[in-house]
Every structure is written in C-alpha cells, then in structure tokens.
Amino acid sequence: MGSTAFRTPPVVKSGATPFFTPANNVGAALHPDDPKTPTLFRPLQIRDLTLKNRILVSPMCMYSADNDPSSPSVGAPTDFHIAHLGHLALKGAGLILVEATAVQPNGRISPYDVGLWQGVDSPQFHGLKRVVEFSHSQGAKIGVQLAHAGRKASTSPPWIAAAAGKMALKADESVGGWPDNVVGPSGGTEHAWSTDGDMYWAPRGLTTEEVKEVVRAFADSARTAVQAGVDVIEIHGAHGYLIHQFLSPVTNTRSDEYGGSFENRTRLLREVAVAIREVIPAGMPLFLRLSATEWLEEQPVAAKTGSWDLESSVRLAALLPELGVDLLDVSSAGNHQDQKINIHTNYHIDLAAHLRKAIRAAGASTLVGSVGFVTEAEQARDIVQGAEAQGTEEIVSGPEPRADAVLLARQFLREPEWVIKTAKALGVEVTVPVQYGRAFR
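None of the values given here were measured: they were computed from a predicted structure. (Residues numbered from 1 in each chain as written. Predicted model: local features only at pLDDT ≥ 70, side-chain atom pairs only at ≥ 80, totals over all residues. Heavy atoms only, no water.)

K.L.:
I keep staring at the packing of helix H8 (residues 310-317) against helix H10 (residues 347-361) and nothing clicks. Help me out?
P.N.:
Two numbers describe a pair of packed helices, the interaxial angle and the distance between the axes. Closest axis-to-axis distance for the H8/H10 pair is 10 Å, and the angle between their directions is 40 degrees. When the interaxial angle is binned, H8 and H10 end up oblique. Our pair here, H8 against H10, has a crossing hand that is right-handed. Residues Leu310, Glu311, Ser313, Val314 and Ala317 of H8 lie in contact with H10, whose contacting residues are Leu351, His354, Leu355, Ala358 and Ile359. Of the residues assigned to the contact of H8 with H10, the class counts are seven nonpolar, two polar and one charged. (Axes fitted to C-alpha atoms, helices over the stretch in contact; angles between N-to-C directions. Helix = DSSP H or I, 4+ residues; strand = E, 2+ residues; numbered from the N terminus. Parallel < 35°, antiparallel > 145°, perpendicular 65-115°, else oblique. Left-handed = near helix turned anticlockwise from the far one by under 90°. Contact = heavy atoms within 4.5 Å. Nonpolar A, V, L, I, M, F, W, Y, C, P; charged D, E, K, R; others polar.)

This is how it looks when you write it as structure tokens:
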C-alpha cells in the first residue's frame, strides 16, 4: 500500500490570503522516477509548466458569483470559490481549471457566473488572484477556462430550473439576465437551443465586427488572467457554447467570412487561439476544450448541412500546433436538443484515444486530456499509462496510452480527496497537507 509523507513546510503569508498558510505540495509522488510509479503520478511537462501529476480538475460552473449588473463585483469570484477551489488544491490535484469564465458580460451562461471582462485591478481580477495565490500555496497549478455562452446564455442555475421542472430555464432582467442581448453565429427563433420556449432565449446573429470584438475580448481576458498569476489558459470550444456554435454547420448559417466552409467556420476559434497566444507568455500552455462530436450524425437536423463530427475534430486537431494549442481537452455534445449520445463508461475516453492516435499518426505532439466518468484509481491509471517511457520493457512496449492526462469534475465533488485515495490504492507515496497529517498516520 502507498503511504504519505510529512515535511515541515515554510509559512506563506500573502496579501490575498492573510492568514497562517503552511505551504504544501499535496499529491506529489515522493519517488516519481521509480519505475513502479504509474504515469498518473509522474510529472507532466507542458512548455515551461510542470504538473506534479496527471490529475486535473475539470471546469465546473458553480453559479455563485454576484448577479447584480450594477454591482462592481458582478462576475467576480467570491469566498465560495476560495473554499471550493482552494479545497481541491489542498487535496492534491495537479491542475485546477476555474469554471467557464466569460470574456463579455453577455457571454455568461447565467447571471451568477464568473467573468473576466473588467480588466486588471477590478473585483473580477482580485477575486481570481486570491484563488490563484491560495492554490499556489498548496502546490497546485491553476488555469482559467475562457468562454462565451452564445445562444445558451442568460439562463438560470440548474437547481432553479429543476425546481420549475425544467432542464434549463431562461433568466430575465429581474435576476440580472439579458434576454435582448443573447447572441449566436445566426439569429432567430429557429436558432434557439430548444423548442421549449421556457428554456432558452432566441439569439440575434452577431455582426462581423461583433465577432472580431469577441476575438479581442478573449485576448483581453487572457492578458488579465496572466497578470492574476494563472498557469494555463483554456479556450472553451465545446458543449454548444459560442465557439462550438460557429464550428457547427447546424448552428452556423452565416454567409460572411465566419460561415460556410470548414475554413470559415473554424475561423473564430483560430483567431481566438492566435490572439491569446500573442498576449500570454511563450512558456504558458494553451488548452482547447472541444466537443469531439455533436452526436447528430443520424439526425434529421444534420441531414442537409452535416454536423460537427469526429472526423471534423481530427481535421481541426491537425491545425492545433500552428495555433499554439498544447493540449486538446476532449468532451462531446451540447449543441442541439436532438443529440443521441452513445453513453457508456468509456465513451469520452474512446473519443480522446481516437484523436490522440490521429494526432500521433500525423507526427504531432499535441497532448490529449480525457474527461467523463473517470471515477476509479485503476481506470485513471490505465488511461494514461505509458504516456512516457518509464525504463521498463513492459511499459515501453505496452499499449499506447489513451490520453496524456485525466480530468475529473463530479468525482471531485463527491470525493475532494480523490487524489490521495487514488495514490493509496495504487501504492504510491505522496505528500499530504500538514494540517490533515494526523488523519494519515
């Protein structure tokens, strides 16, 4: 069985976390070079960033920011985010990705979501900086997922929708919503996400100049995030949000330079990636979350136009090196109510493995992250095992890994200590927080 280690750490006192905070490095393997240490607990180098393990916290919307549009703190991370994200840092995740963070006010999924459009020295900036500094004090790296919800914006938190018997529910001006400024690549009632009029607003189509403003907004938010101290930027290009809406011929019926051909439909994403890469340090990793497929291939809605499918993702993946994207965070679905998902335990893992194999076959080294239904120690180990040669013939000649890192969301809500429990299950000695040390003796 694995064990834990205790070392007397220095004390960190920060203006953002003005209390006694021993510096920890939870979840780091004590013997990362030991051939017996599984890849899951070996460091992962991405540009100038080194992650202490391959276990990442996937972005999770918490719907816990100030929703008052007249408040200077609207969209700013709160003490809830310090407690929620800080606790995951305290329990050993290698990288924590902050929830979808809007680059424009109307890019929030709900009025209660966080954003980063205010710039440096704003409540949004300082809220993020507090989360970053505390996470760093516990040895975790932290990234921010920059996003725009597009036509899926101005909705209510899921528990409010559930109370109304809905999967989603519109948010109007009375709760800080913006029903008249919900946008998408194309406009009109036919482009609302759902035919249930209570769930989503009908979008208006963005003008060409407004699309270019979105690109600038992503770059501006990335620049602010860098100054707040984040280690990674992730672009949200999945789940039916704005960038995904542009990628898909189902939702993008534009006739300008951002619609029509594959080249035009991917233009927004490509311009966003290039704009972000230009304003972040050369050594900072850039991730992309992508819906590998919309699961619409056999549906009538895609019969005429086609849809975004796995082969579209393979084609896009070939462009990522020149865009400066270092890791493809593979998910799926979210762009149309008629999606028919073939759900099974490994359905996202299979998609990630397909894309990683295609990337390697093309001679590229873009990393791939796998998310979805990752709950067990052995499962996570096997997904990434062999992601680098470990000095034993068995591993060097073994099967190709299915991904280079695993991302977990709901499992961390169920078990914040999942990293430590997984290390124990796999027989890996890791460090634990000194404040919790007596629980592991």
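K.L.:
What is the right way to look at the packing of helix H4 (residues 208-227) against helix H7 (residues 267-279) in this model?
P.N.:
The N-to-C vectors of H4 and H7 enclose an angle of 30 degrees; their axes lie 8 Å apart at closest approach. Of the possible angle classes, the one that applies to H4 and H7 is roughly parallel. With respect to the hand of their crossing, H4 and H7 are arranged in right-handed fashion. For the pair H4 and H7, contact is made by Val211, Val214, Val215, Phe218, Ala219, Ala222 and Arg223 and by Leu268, Glu271, Val272, Ala275, Ile276 and Val279, respectively. By residue class, the composition of the contact of H4 with H7 is eleven nonpolar, no polar and two charged.

K.L.:
How do you make sense of unusual backbone geometry when you look at a structure like this?
P.N.:
The phi dihedral of Asp121 is positive, around 65 degrees, even though this residue is not glycine. When you line up the elements, Asp121 lands in the loop between strand S7 (95-102) and helix H2 (123-137).

K.L.:
What am I meant to see in the environment of Arg47 here?
P.N.:
Here Arg47 is to be found in the loop between strand S4 (44-46) and strand S5 (49-51). On the basis of relative accessibility, which here comes to 35%, the residue Arg47 falls in the partly exposed class. For the pair formed by Arg47 and Phe125, sequence separation is 78 residues and the distance between their alpha carbons is 25 Å. Apart from the residues within four sequence positions on either side, Arg47 is in contact with Arg277, Ala282, Gly283, Met284, Pro285, Gly324 and Asp326. (Buried < 20%, exposed > 50% of the residue type's maximum accessible area, 1.4 Å probe, protein only.)

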